[in-house]
Amino acid sequence: MEVIIQPTEEAAAALVARVVSRELRANPHLVLGLATGRTMEFVYRQLVRLHKEEQLDFSLCRTFNLDEYVGLFPSDPNSYRHYMDHHLFGRVNVDPRNTHLPNGLAEDLDEECRKYEGLIRRFGGIDLQLLGIGEAGHIGFNEPLSALRSRTRAKALTPTTLKQNSSFFGGEQHMPRRAITMGVGTILECRRCLLLATSHRKAAVIAQAVEGPITSMISATALQLHPRCTVVVDEAAAAKLAEGDYYRWIFANEPEWQEFR
Ligand code: F6R
């Protein structure tokens, strides 16, 4: 794992967008894994800017989102399809046919999950997966106790997640109780993972995810097993890391990051 600490939320998101941009320019057929949530909005804003101002081209890339609520229509403003159309897909030149999210309206959810995994495999696997992190440590909707080898499946949302996301729905009582999510095992197979966390609300869980023991109670800790995972945080989210100076030293000295310093 590598940890990159940036002074602000904007700088952290801009760095993530620049990594995506570098990978996409190197491989226009990139298979890009996407996440939703408040944190990612900054990244998508930057990617839209790079598309408009620096001709970042999405026309050949293919995208797979981590998750989608069960039971919401794509037109529902709280569906992740709607979020992606609004924040990214509708603002760049990605081919809508190349954008994939699990179908939370499928009659047979198990079959839908198997199909989603099959589609990822058919396109050669995910090259770069963007991740956020929940306050209880989930990646995707892999809630506490998610098996570290889990695959795409429908999961019940925990009280912490219901609380974290309920404001979008005007209260917990209006929120779906389940979501389809890529599994921890699915995420670990992506060639590269890039996790972004910002704000003091994420400080405790980031310290556990990066420096704590690997446990299914905090699915983000499984990323310690990933051969190529970068965690990007702002100062607020880095506040509880014990080894911040060490991470800063690596970022300042590692040639790979030269153009990002
Ligand atoms: C959403 C997802 C979640 C979020 C996480 C953080 O697709 O995969 O794991 O990344 O809940 O959400 P925010 O950024 O809203 O704090």
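Scroll up to find the structure this text is about.
Residues numbered from 1 in each chain as written. Predicted model: local features only at pLDDT ≥ 70, side-chain atom pairs only at ≥ 80, totals over all residues. Heavy atoms only, no water.

> For this particular structure, what's the right way to read the packing of aromatic side chains?
Each aromatic ring pair is summarised here by two numbers: the centre-to-centre distance and the angle between the ring planes. Under the counting rule described, the total for this entry stands at 10 aromatic pairs. Between Tyr-246 and Tyr-247, the aromatic rings sit 6.0 Å apart at their centres with planes inclined by 55°, giving tilted as the arrangement. The exposure class of Tyr-247 is buried, given its relative accessible area of 10%. By way of ring pairs, the aromatic residues Tyr-69, Tyr-80, Phe-141 and Phe-169 are connected into one cluster. Its end group placed over the ring of Phe-42, Arg-45 keeps NZ or CZ at 5.1 Å from the ring centre. Across from the ring centre of Phe-123, 3.6 Å away, lies the NZ or CZ of Arg-62, which sits over that ring. (Phe/Tyr/Trp six-rings, centres within 6.5 Å; stacked < 30°, edge-to-face > 60°. Buried < 20%, exposed > 50% of the residue type's maximum accessible area, 1.4 Å probe, protein only. Lys NZ or Arg CZ within 6 Å of the ring centre and 35° of its normal.)

> Looking at this model, I keep getting lost on the pattern of salt bridges. Mind explaining?
Note that side chains of opposite charge can pair when their charged atoms are close. Within this structure, the stated rule accounts for 15 salt bridges. Taking the shortest distance from any N to any O, the salt bridge between Glu-256 and Arg-22 comes out at 3.4 Å. With Glu-256 in the segment after helix 9 (244–253) and Arg-22 in helix 1 (residues 9–26), the pair connects residues that are 234 residues apart, well separated along the chain. Accessibility expressed as a relative area gives 26% for Glu-256, which makes it partly exposed. The residue Glu-53 makes a salt bridge to Arg-49 at a minimum N-O spacing of 3.1 Å. In this pair, Glu-53 and Arg-49 are both assigned in helix 2 (residues 38–54), four residues apart and thus about one turn of the helix distant. Here Glu-53 falls in the exposed class, since its relative accessible area comes to 52%. Assessed through its relative accessible area of 31%, Arg-49 is described here as partly exposed. (Salt bridge = Lys/Arg side-chain N within 4 Å of Asp/Glu carboxyl O. Helix = DSSP H or I, 4+ residues; strand = E, 2+ residues; numbered from the N terminus.)

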